[in-house]
Amino acid sequence: MKGHDPRDPDPWLALMLDRSLPLADEAKAALIRDQQSRSRQFLLPLVRPLARTMIVFAQLIHTISPRWPNAPRLLHRSIAFGMRHFLTPDANRLILRHFHLGAQILRFISDNATPGYHPDLTPMRPRTIAAVKDNLFLHHDLNIYNFLIDLNRELDRRGTAIGRVADLDFSAIEEEIALDPLPTNWLNVIDLQTAIELYTPAYAMLLSDRDFWRASNSLQLDETIGLYAARLTGEEKHLAMINNRHPLVPFSTLRAGFRLMLHGLSTEVLHGFLREMKSRHAAAAAA
């Protein structure tokens, strides 16, 4: 571990040692290494204003032509190409982890809110970058909305509501996320936050206006999913860690890149909270 000089404390060391968020050690270390990179320090400030200008341009195009261009396969092949050749291993690891964690959280909610019924969602367990090509990001966004619609229709059909469950089913929450080896070539130097800023204008341009708006505003569903988890567990403290705010008041799509980073952090935190709660329940049951 890096030494500590009280006259010049390292902010990243403080964040690494801090335990205020229930983050998995692997994810926390990857995020901090990525945030410390020269790419984020020097490239991100140049990329961000240009990327946001391109989002404005893309939205002007879609004002005239809301449904064209609409090329999700080209978008995802481009993202996969960039991930394979330019992103750091840490950035790629955090991206692929995110799909696993999101799917596990949704399954946990349906296991406990509507036992025996699970919304029909696209599987989200990518082990390789190549899996991104199959419109993975788009399916991830669609899964969240379809989950909310199907789950609440089932609750209405049963005449029930999400409430505290005394004997929670944690079978969906896994400790380890299995990924295949990630590329470590000399060009794999672009950090996650810079990559997201670069990908967001491509998202805005190569999806229809409706698809991009829906994807951008799905980020605020963190609060909705967090509220469901709070009602099921009876614990609301983790809601203070959600930063994307409620989707009934959507933010501008212009800052979608930054909010995507918050979305990733919120997902890691909620999964970490459920993982810790699973461990406590297992220990209590064994006592």
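Residues numbered from 1 in each chain as written. Predicted model: local features only at pLDDT ≥ 70, side-chain atom pairs only at ≥ 80, totals over all residues. Heavy atoms only, no water.

### With respect to the environment of Y117
Counting through the fold element by element, Y117 comes out in the loop between α5 (89–113) and α6 (136–158). Each C-alpha atom of the pair Y117 and G264 lies 27 Å from the other, and the pair is 147 residues apart in sequence. (Helix = DSSP H or I, 4+ residues; strand = E, 2+ residues; numbered from the N terminus.)

### Re the packing of helix α3 (residues 38–64) against helix α7 (residues 192–206)
Interhelical geometry of α3 versus α7 gives an angle of 10 degrees and a closest axis separation of 8 Å. Between α3 and α7, the angle falls in the class roughly parallel. Broken down by class, the residue content of the contact of α3 with α7 amounts to 13 nonpolar, 5 polar and 4 charged. (Axes fitted to C-alpha atoms, helices over the stretch in contact; angles between N-to-C directions. Parallel < 35°, antiparallel > 145°, perpendicular 65-115°, else oblique. Nonpolar A, V, L, I, M, F, W, Y, C, P; charged D, E, K, R; others polar.)

### A look at the layout of surface pockets
Considering only enclosed or pocket space, the largest pocket measures out at about 1,000 Å³ in volume. Every residue lining the largest pocket is counted, 40 residues in all, and those nearest its centre are L260, M261, L262, G264 and L265. Of all elements in the fold, only α1 (11–17), α2 (25–35), α5, α6, α7, α8 (209–218) and α10 (256–286) reach the threshold of two or more residues within the lining of the largest pocket. Estimated volume of the second largest pocket: approximately 380 Å³. At the level of elements, α5 and α6 are the ones that each hand at least two residues to the lining of the second largest pocket. Considering every element that reaches the lining of the second largest pocket, the biggest residue donor is α5, with 7 residues. A per-class count over the lining of the second largest pocket returns 9 nonpolar, 8 polar and 5 charged. (1 Å grid on protein atoms, 1.4 Å probe; cavity = no way out; pocket = protein on both sides within 12 Å on 5 of 7 lines; lining within 4 Å. Points joined across faces, edges and corners; volume = space filled by probe spheres on them.)

### Observations regarding α7
For α7, built from 15 residues, the straight-helix expectation of 21 Å at 1.5 Å per residue is met to within 8% by its first-to-last C-alpha distance of 20 Å. With 13 of 15 residues buried, α7 is to be regarded as a mostly interior element. Its side-chain oxygen at 3.1 Å from the backbone nitrogen of Q193, D191 defines the N-terminal cap of α7. (Expected span 1.5 Å × (residues − 1). Buried < 20%, exposed > 50% of the residue type's maximum accessible area, 1.4 Å probe, protein only. Polar contact = N/O pair within 3.5 Å; in protein donor to acceptor, adjacent residues only side chain to side chain.)

### Considerations on the packing of α6 against helix α9 (residues 221–233)
Two elements in contact, α6 and α9, have axes whose closest approach is 11 Å; the angle formed by their N-to-C orientations is 40 degrees. Judged by the angle between their axes, α6 and α9 are oblique. Crossing hand, α6 versus α9: left-handed. Contacts from I144, Y145, F147, L148, L151 and N152 of α6 reach α9 at L221, T224, I225 and Y228. A breakdown of the residues in the contact of α6 with α9 according to their chemical character gives 8 nonpolar, 2 polar and no charged. (Left-handed = near helix turned anticlockwise from the far one by under 90°. Contact = heavy atoms within 4.5 Å.)

### Topic: unusual backbone geometry
The omega angle of the peptide bond from W68 to P69 is 0 degrees, so this bond is cis rather than trans. Inspection of the secondary structure puts P69 in the loop between α3 and α4 (72–85). Positive phi outside glycine occurs at N135, with the angle close to 50 degrees. Summarising the element assignment, N135 is placed in the loop between α5 and α6. Given a relative accessible area of 12%, N135 falls into the buried group.

### A short note on the packing of aromatic side chains
Inspection of the entire model under this criterion finds 3 aromatic pairs. When the centroid spacing of 6.2 Å and the interplanar angle of 65 degrees are considered together, the rings of F81 and F86 count as edge-to-face. Given a relative accessible area of 42%, F81 falls into the partly exposed group. A residue is classified by how much of its surface remains accessible, and F86, at 33% relative accessible area, is partly exposed. Judged by centre distance (5.2 Å) and plane angle (80 degrees), the rings of F99 and F137 are edge-to-face. Of this pair, F99 sits in helix α5 while F137 sits in helix α6, and the two are 38 residues apart along the sequence. One exposure class covers both F99 and F137, and it is buried. (Phe/Tyr/Trp six-rings, centres within 6.5 Å; stacked < 30°, edge-to-face > 60°.)

### So, the nonpolar core
With 33 residues, the main nonpolar core has I79, M83, V132 and Y203 as its most contacted residues. Secondary-structure elements contributing two or more residues to this core are α2, α4, α5, α6, α7 and α8. Once you skip the residues sitting within four places of it in the chain, V132 turns out to touch H76, I79, A80, M83, L96 and F137. Listed in part, the 24 residues of the second largest apolar core include I109, I144, F147 and F273. (Core = buried A, V, L, I, M, F, W, Y, C linked by side-chain atoms within 4.5 Å.)

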